[in-house]
Amino acid sequence: MLNQARYDLSRDEGSELLRRDAALLVEILCELVDCPSVGLRFASVDKAMCPRWHIDRVPIRMLCTYRGSGTEWLDDQGMEKSRLSDPDIVNGPCQRAASGEVVLLKGGLWQGNEGPGAIHRSPSITPGEQSRMLLTLDPLWPD
């Protein structure tokens, strides 16, 4: 949830551009996965929300970091989950989205392919670094 004390979208410079960009990403996600609506979360975070390697328990998720480091992911999506806390994996190489890049992550509940999904985490935020501003979109289908 957006911290209204720090970022009031009704007044901040660039808020209209942010609203338009979020609306475009919602439209793209709805078209891409044929969903009627989307759950949206816009957050300002000053620490890693999900610092450990994991797979989301959703069908699919779209992320865009507007400020700060983007989401990190592993290329080896077939990795055993028991290895995700191995120091060589935790401290090893990974891919990272740049600020402003859109990331589409398949989750563990993807229909017909339950279980495997994109292994990812939130990047760490070093002391003194600005908070991350992150948009998270989850498609919603009627039950």
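This one's a predicted model, so the numbers in the text were calculated from it and none came from an experiment. Each chain has its residues counted from 1, running along the sequence as written. Two thresholds apply to this predicted model, a pLDDT of at least 70 for residue-level local features and 80 or more for giving and counting side-chain atom pairs, whereas whole-chain, interface and lining totals are computed over all residues. Side-chain numbers here rest on the full set of heavy atoms in the structure, without hydrogens or water.

Chemist: Now, about the sheet that holds strand E3 (residues 72-73): what can you tell me, with residues and values included?
Modeler: The rule for pairing is simple: two strands pair if DSSP sees at least two bridges between them. Strands are runs of DSSP state E lasting at least 2 residues, helices are runs of H or I lasting at least 4, and numbering of each runs from the N terminus. What the 3 strands build is an open sheet, ordered E4-E3-E6; its pairing is antiparallel. Of all strands in the sheet, those bounded by a partner on one side alone are strand E4 (95-96) and strand E6 (120-121). For E3 and E6, the ladder comprises 2 bridges, and the chain directions are antiparallel. Each residue of the ladder has a partner; that of glutamate 72, found in E6, is arginine 121.

Chemist: Go over the environment of phenylalanine 42 with me, naming the residues and quoting the values.
Modeler: With respect to the helices and strands, phenylalanine 42 occurs in strand E1 (residues 37-45). On the basis of relative accessible area, phenylalanine 42 is assigned to the buried category, the value being 9%. Along the chain, phenylalanine 42 and alanine 22 lie 20 residues apart, while their C-alpha atoms are 9.4 Å from each other. The buried label applies to any residue whose accessible area, calculated with a 1.4 Å probe on protein chains only, is under 20% of its type's maximum; exposed applies above 50%, and partly exposed to all values in between.

Chemist: Just give me the short version of the environment of lysine 81, but keep the residues and values in it.
Modeler: Relative to the helices and strands, lysine 81 resides in the loop between E3 and helix H2 (87-90). The exposure class assigned to lysine 81 is exposed, which follows from its relative accessible area of 55%. Contact definition: two residues touch when any of their heavy atoms are within 4.5 Å. If near-sequence neighbours (up to four positions away) are discounted, lysine 81 is found in contact with Ile55 and Gly115.

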